[in-house]
Amino acid sequence: MLDILVYEEKQQAAAGETGPCLEYLLQHKILETLCTLGKAEYPPGMRQQVLQFFSKVLAQVQHPLLHYLNVHRPVQKLLRLGGTVPGSLTEKEEVQFTTVLCSKIQQDPALLTYILEKGRVALKARENLLLLVSVASQAAATYLVQSSPCCPAIVEHLCQLYQSLPSSLDPADIAALEGISWRLPSAPSDEASFPGKEALAAFLGWFDYCDHLITEAHTVVSDALAKAVAEKLFVEILQPQLLHVSEQSVLTSTALLTVMLRQLRSPALLQEAVAFLLGMDQQPAAPEDSPRTLCAHLIRHCDHLSDEISIATLRLFEELLQKPHEQIVRSLILCYLEGRPYVARGSPEPESYEDTLDLEEDPYFTDSFLDSGFQPSAKPPPAPATNPDGKTAVTEIVNRVLSLSFLCLVPEEAKTSAFLEETGYDTYVHDAYGLFQECSSRVTPWGWPLAPPPLDPHEPEQPFFEGPFLQMLFDRMSRILEQPYSLNLQVTSVLSRLALFPHPLIHEYLLDPYTNLAPGCRSLFSVLVRVIGDLMQRIQRVPQFPGKLLLVRRQLMGQVPGEQLDHQTFLQGVVVLEEFCKELAAIAFVKFPPHSPHLHLSKPREGHV
């Protein structure tokens, strides 16, 4: 057949027409039939013969063929057959067939649309590259890194896709685009379209592929590729954009970095991302330090004049706090809490919880708590088994007290939950329980202590600085009654993420209102107390405050149409404050810290629990 086709073409060259033999081949789907026989290997060895025939026909027949349906469809089927079995006897013919196709596409790039079927060729190439980089041989991995353009080519393509993104991308569109995978790099069709959507999907799809390569590759290849991504994309391209004077540049790059962190799974690339964002210096910053590192600049962006930049950067940190890397929590929080310098020295720690907390005298534990919306959950999270010494039962009571301390912070005149069918506390407890279990599972390998180290009462007090990250969050929290609603939601969301960490120092500093703070120190609870004091004064200056507050809450819940009111920012801040205190109460309730520094419980008296 091949000889006949070639001879016929030479005879018809002058006329420039399709000969009858070629027309017969196309009309009677001869190539389809051959492809079917090759796939079935009938007779044995037929696949090899079919691959050779296709290669020679495409190479020797000069008439354009690939745009015909009865040619490119069997070509696609043959491509899908290739590489399905490792060590196939037809590997040589498969490579030759692919080479001929690539040559044809090089001559006429428009033919690519006839060969690609949902990106199957590109997908097959990516799958094969994954197999290649995962080769266990140290020598092969070293050769790939040192003597091939593999890593530079992969990262160069990633950078090109990033730089092709339109500068006008909306951060909200970037954050909303989900479900992008290297196996399905196109954007989901059911999502709303926006300018730059396909370019963004292509970049995120390739980034996901790089992440998978780094996960699956030999350690030598994995480390080299991760470092190349960090150097070429993070440092050379992203960092200048994050530090740019243009607000649009900062917004877009921050949103893109956030969605990259969300997709990132490989430990090697996560290590590079953490080093890029937080730096390698583990020394705690001093209050007077000027921002020298990228992390310091990003923390300042969280308190930016532009609320959009502040929200976008807070989202970046919230995403970062959910990654399984201990250095993130240690650099941002723990290195400042170690040694417990926020606790007042000079008096010994109590031997029992009763020494520090008298429920009858506690200003936050009153009979009115039942009116504050605190009701036991209909399906409470399972409680741990009671220890032989009875500590668990007492600890649960203590935990409820800590929870009530936050529930009762907001005065009754500033609450609106009582006017609604659902107070929302049960939902907070349910959500907090799930998030806490997830967080605990993530940090288990880090070997955190169960209890904070004991204090030496004779040790002199050390100056305490909560660190730039907590300082920024506390400053933002102190202005909750003056900030936009969306910004307040993001600030409280980050603080909630921090409060979930099961480290005893974090729990003590953020969730224990009975910690005896050193002079000049503040905690999350003390910041909230000051906000409540400000709230009580400002309530007097808002006429018809209860009615307006309830109206604003219903507006935020979508129950009534939105309309502009006087003091609207303040009223929205009050609603967020109430909900945040309920959320903190729920977190304190589900964390159940049996080793709190106040819980050196003595054995209960006989006949008592």
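Computed from a prediction, not measured in an experiment: that's the story for all the values here.

**Student:** Mind laying out the overall build of the chain, listing which residues take part and the relevant values?
**Tutor:** Counting secondary structure elements, the chain contains 26 helices and zero strands. Each of the 609 residues in the chain was classed as buried or not, and the buried ones make up 49%. A sequence separation of at least 24 residues applies to 78% of the contacts in the chain between residues at least 6 apart. Put simply, the chain shows about 30300 Å² of open surface, and 55% of that area lies on carbon and sulfur atoms.

**Student:** Tell me what's going on with the packing of aromatic side chains, and back it up with residues and numbers.
**Tutor:** Taken as a whole, this structure holds 16 aromatic pairs when the rule is applied. Ring plane angle 75 degrees and centroid distance 5.6 Å describe the contact between F464 and Y509, whose orientation is recorded as edge-to-face. Here the residue F464 occupies a position in the loop between α20 (425-443) and α21 (468-478), and Y509 occupies one in helix α23 (residues 504-511), the gap between them amounting to 45 residues. Assigned by exposure class, F464 and Y509 land together as buried. Relative to F570, the ring of F545 has its centre 6.2 Å away and its plane inclined at 45 degrees; by these criteria the two rings are tilted. Here the residue F545 occupies a position in helix α25 (residues 545-556), and F570 occupies one in helix α26 (residues 568-591), the gap between them amounting to 25 residues. With respect to burial, F545 and F570 carry one shared label: buried.

**Student:** An account of the layout of surface pockets is needed here, citing residue identities and associated values.
**Tutor:** For the largest pocket, the calculated volume is near 660 Å³. Of all the elements in the fold, those that place two or more residues in the lining of the largest pocket are α16 (294-301), α18 (326-337) and α21. Examining the composition of the lining of the largest pocket, we find that five residues originate from one element, α21, more than from any other.

**Student:** Hey, could you go over empty space enclosed by the protein for me, with residue numbers and the actual values?
**Tutor:** Within the structure shown, the criterion is met by three cavities of 30 Å³ or more. Its boundaries defined by the atoms lining it, the largest cavity holds a volume of some 70 Å³. Lining the largest cavity we find L321, Q322, L435, E438, C439, R442, R497, L500 and F501. Elements supplying a minimum of two residues to the lining of the largest cavity: α20 and α22 (485-500). If you tally residues by element for the lining of the largest cavity, the top one is α20, at four residues. The residue makeup of the lining of the largest cavity, split by class, is five nonpolar, one polar and three charged.

**Student:** Give me the lowdown on the side chain of T258, citing residues and values where you can.
**Tutor:** Positionally, T258 belongs in helix α14 (residues 247-263). Not counting chain neighbours up to four residues away, the residues in contact with T258 comprise A312, R315, L316 and E319.

**Student:** Can you tell me about a negative patch on the surface, naming the residues and giving the values?
**Tutor:** Taken together, the side chains of D170, E247, D307 and E308 make up a negatively charged region of the molecular surface. By the element assignment, E247 lies in helix α14.

**Student:** Any chance you could break down the packing of helix α4 (residues 46-60) against helix α6 (residues 91-107) for me, citing the residues and the numbers?
**Tutor:** In contact at an axis separation of 9 Å, α4 and α6 are set at 20 degrees when each is read in the N-to-C sense. With respect to their mutual orientation, α4 and α6 come out roughly parallel. The way α4 lies across α6 gives a crossing that is left-handed. Residues Q48, L51, Q52, F54, S55, L58 and A59 of α4 form the contact with α6, whose participating residues are E93, E94, Q96, F97, V100, L101 and K104. Residue composition of the contact of α4 with α6, grouped by class: seven nonpolar, four polar and three charged.

**Student:** Tell me what's going on with the pattern of salt bridges, and back it up with residues and numbers.
**Tutor:** Under the defined criterion, the tally for this structure stands at 20 salt bridges. Between D303 and R479 there is a salt bridge, and its shortest N-O distance comes to 2.6 Å. A residue pair is termed long-range when its members are at least 10 positions apart, and D303 in the loop between α16 and α17 (307-320) and R479 in the loop between α21 and α22 qualify at 176 residues. For D303, a relative accessible area of 33% translates into the label partly exposed. Residue class for R479 comes out partly exposed when judged on its relative accessible area of 26%. Of the charged contacts in the structure, one is a salt bridge between D534 and R538, with a shortest N-O distance of 3.7 Å.

**Student:** Outline the environment of N70, supporting the account with residue identities and numerical values.
**Tutor:** Along the chain, N70 falls in helix α5 (residues 69-81). Taking the C-alpha atoms as reference, N70 lies 7.1 Å from L31; in sequence the two are 39 residues apart. Setting aside residues no more than four positions away along its own chain, N70 makes contact with L26, K29 and L31. Among the polar contacts listed, one links the side chain of N70 to the backbone oxygen of L26, at a separation of 2.7 Å.

**Student:** Lay out α26 in plain terms, naming residues and giving numbers.
**Tutor:** The end-to-end C-alpha distance of α26, which contains 24 residues, comes to 35 Å, matching closely the 34 Å that a straight helix rising 1.5 Å per residue would cover. Counted residue by residue, α26 has 22 buried out of 24 residues, so it is predominantly covered.

**Student:** How would you sum up the packing of helix α1 (residues 2-12) against helix α2 (residues 20-27)? Please name residues and give values.
**Tutor:** Where α1 contacts α2, the axes come no closer than 8 Å and their chain directions differ by 130 degrees. Classed by the angle they form, the pair α1 and α2 counts as oblique. Touching I4, L5 and E8 of α1 are P20, C21, L22 and L25, all from α2. By residue class, the composition of the contact of α1 with α2 is six nonpolar, no polar and one charged.

**Student:** How would you summarise the state of the cysteines if you had to cite specific residues and measurements?
**Tutor:** Under the defined criterion, the tally for this structure stands at zero disulfides. Among the cysteines around C302, which has no disulfide bond, C295 carries the closest sulfur, lying 9.0 Å off. Given the relative accessible area of 0%, C302 is considered buried.

**Student:** An account of helix α10 (residues 150-163) is requested, with residue identities and associated values reported.
**Tutor:** End to end, α10 covers 20 Å across 14 residues, agreeing with the expected 20 Å (1.5 Å per residue, within 8%). What α10 keeps buried is the set C150, C151, I154, V155, L158, C159, L161 and Y162. An end-on view of α10 places all buried positions within 160 degrees of arc, on one side of the element.

**Student:** Pulling in residues and values, what's your account of the confidence of the model for the chain?
**Tutor:** Residues of the chain with pLDDT of at least 70 account for 83%, and the chain-wide mean is 83. Segment residues 352-390 is flagged for pLDDT under 50; beyond a separation of four residues in sequence, or across chains, it makes 56 contacts in the model. Within the model, the stretch residues 593-609 combines pLDDT values under 50 with 37 contacts to residues more than four positions away or in other chains.

**Student:** Could you give an account of unusual backbone geometry, with specific residues and numbers?
**Tutor:** Y42 connects to P43 through a cis peptide bond whose omega is -5 degrees. Along the chain, the position of P43 falls in the loop between α3 (30-40) and α4. With a phi angle near 55 degrees, Q544 is a residue other than glycine that sits in the positive phi range. Considering the arrangement of structural elements, one finds Q544 in the loop between α24 (524-539) and α25. Although it is not a glycine, H567 sits at a positive phi angle of roughly 60 degrees.

Quick notes on the rules
Residues numbered from 1 in each chain as written. Predicted model: local features only at pLDDT ≥ 70, side-chain atom pairs only at ≥ 80, totals over all residues. Heavy atoms only, no water. Helix = DSSP H or I, 4+ residues; strand = E, 2+ residues; numbered from the N terminus. Buried < 20%, exposed > 50% of the residue type's maximum accessible area, 1.4 Å probe, protein only. Contact = heavy atoms within 4.5 Å. Areas by Shrake-Rupley, 256 points an atom, 1.4 Å probe, with all protein chains shown as cover. Phe/Tyr/Trp six-rings, centres within 6.5 Å; stacked < 30°, edge-to-face > 60°. 1 Å grid on protein atoms, 1.4 Å probe; cavity = no way out; pocket = protein on both sides within 12 Å on 5 of 7 lines; lining within 4 Å. Points joined across faces, edges and corners; volume = space filled by probe spheres on them. Nonpolar A, V, L, I, M, F, W, Y, C, P; charged D, E, K, R; others polar. Patch = residues over 30% accessible without salt bridge, like charges linked within 9 Å, V, L, I, M, F, W, Y side chains within 5 Å. Salt bridge = Lys/Arg side-chain N within 4 Å of Asp/Glu carboxyl O. Lys, Arg positive; Asp, Glu negative; His and termini not counted. Charge placed at Lys NZ, Arg CZ, Asp CG, Glu CD. Axes fitted to C-alpha atoms, helices over the stretch in contact; angles between N-to-C directions. Parallel < 35°, antiparallel > 145°, perpendicular 65-115°, else oblique. Left-handed = near helix turned anticlockwise from the far one by under 90°. Polar contact = N/O pair within 3.5 Å; in protein donor to acceptor, adjacent residues only side chain to side chain. Expected span 1.5 Å × (residues − 1). Disulfide = S-S within 2.5 Å. Arc of directions from axis to C-beta. pLDDT = per-residue confidence, 0-100.

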